[in-house]
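An overview of the molecular structure
For reference, the chains in residue letters:
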Amino acid sequence: MGRWRCHNPICKRKIFCQRLPGITGKHAQETNRFTEMLQSVGYALGGRAGKRLGVRLGLRISGDTLLRRVKRAARSRPASTPIPVVGVDEWAWRKGYSGYGTILVDLERGIVADLLPDRSAAGFEKWLREHPEVRIISRDRDSVYAEGGYGGAPRAEQVADRFHLVQNLIKAVQTELEHRRHHLLIPSTEFLRQDTIAAVVPSQQRWGRPNPRQKESRRQRRQQKEELFGMVKGMQAQGMRAFEIVKVTGISRGRVDKWLRLAECPPQNKMAPRPGMPEAFREELRRLWDQGCQNGKKLLEEVRKLGYIGSYSGLVSLVSEWRAERRGAEKAAVPAASPSTEQTRQAVTPMRHVSPQEAAALLSKPKPMLNERQRKIVEFLKRTPDLATMRHLVLSFRTILRRGTVGTLKRWIKEAEKAGITAISRFVRRLKSDRAAVENAVAYSWSNGPVEGHINRLKAVKRQMYGRAGFELLRSRVLPLAA
């Protein structure tokens, strides 16, 4: 490498050096190969882990320097190549919280195209306007990205993800089964083998006044639990021991042991009241109610004076129980008599309670994918015409998404509408509101599968940095490292 000095006093530059293109850069104190090595270590491992590996390799460098190199490399990335097909989905900043970001994937090359710090139609629309070459957008059923796609790239075709379409239909079947729990009671004699079918309690509604279908679903869940409790107590009265009851009914041993010690069916567990919940003011509300203050608005005014900071809908949800009691008292309904001891000692038919979640999952599986026990459950459920219709609709919908045509999809929609099943009809209405994207899901082979894979990698990077890194570093480590 040449190095020269200028002895001309007029010249401002005194030292001249020979450039080494491809080996090192201007004013650099290290070679390009060494710089790329540090960038690769920081990109793959992050700061502290990269520093520990660097010590083993003889590279004395701090973790902060590694991260600066990674972010610098991301900022100096050349302009990306055109992205004609893009997949979009959301990712959570923190599990269980409301903050979300957006990931965009080049589906043709299978690499991350960009990362956005928020989940909004405006942000996605702005990104699309910066990339006018996009002609196909693959997304889930989220209306946010649909709106942003139509605003930022009105000529691009949107494709709904097939996996999410099937999951939405299965969820609709599960919702319908929650209102038909009496069809999910299977006599144990239907099984050649005594296998356990776990009962899963659906999550409770977190806020708002429940609609009539939700109330009916809760009533059926409670009734199912009481029937199960009565069956266990009846078997106990017949002299059966705990392990025999577990073997016949498939209920867990812990639940059977607990119920055998109780005289009545245990009430539903309730969350401990907080200051913002009306449950914390139950006694005061009940006192006002008994004094004749039974108007919702007036109750809210009175309980506000006592420190209540919750919503009106939560207050009405609590008071609705007392309204039902008042209506029952006005009708002078005679309570049903409790069963006598002789009735309790009568023979009890062991029943299997299949949860709506498991029933929906089994109704959506083809016959070759079912084992012997699952086939027996499906055959029993198919004895109910509506359940057999739902199974036919789910299986045919999956087949159409795999190898069907737009014409067969239209015929399926008409058939589903004629079925007259409430949850399926709602699913079809939502399907028709996004009809173009659903038809493209049948016509094109693009899906959001690669996007989900990159989201898993993003989660791994976030865990590796323990959530302490900002968006710039996260984006630098998720985007592909420039060659």
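Here's a quick rundown of the structure.

Re the packing of aromatic side chains
Across all of its chains, the model carries seven aromatic pairs by this definition. Considering the side-chain rings of phenylalanine 124 and tyrosine 145, the 5.7 Å spacing of their centres and the 85° angle between planes classify their relative orientation as edge-to-face. Within this pair, whereas phenylalanine 124 is found in helix H4 (residues 121-130), its partner tyrosine 145 is found in helix H5 (residues 143-152), the two being separated by 21 residues in sequence. Per residue, the accessibility class of phenylalanine 124 equals that of tyrosine 145, and both read buried. Their ring planes at 85° and their centres at 5.8 Å tell us that phenylalanine 397 and phenylalanine 427 sit as a pair that is edge-to-face. Note that phenylalanine 397 is positioned in helix H16 (residues 385-403) and phenylalanine 427 in helix H18 (residues 422-433), a separation of 30 residues in sequence.

Describing the pairing of strand S5 (residues 111-116)
The side chains of a regular strand alternate between both faces of the sheet. For S5, a buried count of five out of six residues is recorded, marking the element as mostly surrounded by other parts of the structure. Direction of pairing for strand S4 (residues 100-106) relative to S5: antiparallel, over a ladder of five bridges. In the strand pairing of S5, valine 105 is matched with valine 112. Connecting S4 to the antiparallel partner S5 that follows it, the hairpin turn spans four residues, and glycine 110 within it adopts a positive phi of roughly 75°.

Side note on the nonpolar core
Residues Ile103, Leu177, Phe397, Trp412 and Ile424 are the most contacted members of the largest nonpolar core, which totals 60 residues. In contact with tryptophan 412, not counting residues within four places along its chain, are Leu169, Leu393, Ser396, Phe397, Ile400, Phe427, Val428 and Leu431.

Comments concerning helix H20 (residues 449-464)
Under the 1.5 Å per step criterion, the end-to-end length of H20 is 23 Å for 16 residues, consistent within 8% with the ideal 22 Å. Looking at H20, one finds that the buried residues are Val451, His454, Ile455, Leu458, Val461 and Lys462. The arc that holds every buried residue of H20, seen down its axis, measures 115°, which confines them to one face. Looking at the packing, one finds that the buried side of H20 touches strand S3 (85-92), S4, S5 and helix H21 (471-478). One or two residues past the end of H20 sits tyrosine 466, with phi positive at roughly 55°.

Some points on the sheet that holds strand S6 (residues 136-139)
Taking strand neighbours across the sheet as the criterion, the five strands line up as S5-S4-S3-S6-S7 in an open arrangement whose pairing is mixed. The open sheet is flanked by S5 and strand S7 (157-160), the only strands paired with a single partner. Adjacent strand axes in the sheet meet at a mean angle of 25°, parallel and antiparallel pairs treated alike. In this sheet, S7 lies alongside S6 in parallel orientation, the contact comprising four bridges. Bridge pairing in S7 links isoleucine 137 to glutamine 158.

Things to note about the packing of helix H1 (residues 32-45) against H21
Each pair of packed helices can be summarised by the angle the axes make with each other and by the distance between the axes. Packing of H1 against H21 brings their axes to within 9 Å, and their N-to-C directions diverge by 105°. Taken together, H1 and H21 sit at an angle that is classed as roughly perpendicular. Residues Gly42, Tyr43, Ala44 and Leu45 of H1 pack against Ser476, Arg477 and Val478 of H21. Taken together, the residues that form the contact of H1 with H21 break down as four nonpolar, two polar and one charged.

Points about empty space enclosed by the protein
If you walk through the whole model with that rule in mind, you get two cavities of 30 Å³ or more. Every residue along the wall of the largest cavity is listed here: Tyr43, Val70, Ala73, Ala74, Arg77, Ser476, Leu479, Pro480, Leu481 and Ala482. Top contributing element to the lining of the largest cavity by residue count: helix H3 (residues 63-75), with three residues. Its residues assigned to classes, the lining of the largest cavity comprises eight nonpolar, one polar and one charged.

Some details on the pattern of salt bridges
Considering all chains together, one arrives at 19 salt bridges under this definition. With a closest N to O distance of 4.0 Å, arginine 141 and aspartate 434 form a salt bridge. Residue arginine 141 is found in the loop between S6 and H5, and its partner aspartate 434 is found in the loop between H18 and helix H19 (435-443); the two are separated by 293 residues along the sequence. For the salt bridge of glutamate 417 with lysine 432, the shortest nitrogen-to-oxygen distance reads 3.0 Å. Here the residue glutamate 417 occupies a position in helix H17 (residues 406-419), and lysine 432 occupies one in helix H18, the gap between them amounting to 15 residues. Owing to a relative accessible area of 38%, glutamate 417 belongs among the partly exposed residues under this scheme. We classify lysine 432 as partly exposed; its relative accessible area is 38%. One salt-bridge network, held together by shared partners, links Glu90, Arg119 and Asp142.

Procedures and definitions
- Residues numbered from 1 in each chain as written.
- Predicted model: local features only at pLDDT ≥ 70, side-chain atom pairs only at ≥ 80, totals over all residues.
- Heavy atoms only, no water.
- Phe/Tyr/Trp six-rings, centres within 6.5 Å; stacked < 30°, edge-to-face > 60°.
- Helix = DSSP H or I, 4+ residues; strand = E, 2+ residues; numbered from the N terminus.
- Buried < 20%, exposed > 50% of the residue type's maximum accessible area, 1.4 Å probe, protein only.
- Pairing = 2+ DSSP bridges.
- Core = buried A, V, L, I, M, F, W, Y, C linked by side-chain atoms within 4.5 Å.
- Contact = heavy atoms within 4.5 Å.
- Expected span 1.5 Å × (residues − 1).
- Arc of directions from axis to C-beta.
- Axes fitted to C-alpha atoms, helices over the stretch in contact; angles between N-to-C directions.
- Parallel < 35°, antiparallel > 145°, perpendicular 65-115°, else oblique.
- Nonpolar A, V, L, I, M, F, W, Y, C, P; charged D, E, K, R; others polar.
- 1 Å grid on protein atoms, 1.4 Å probe; cavity = no way out; pocket = protein on both sides within 12 Å on 5 of 7 lines; lining within 4 Å.
- Points joined across faces, edges and corners; volume = space filled by probe spheres on them.
- Salt bridge = Lys/Arg side-chain N within 4 Å of Asp/Glu carboxyl O.

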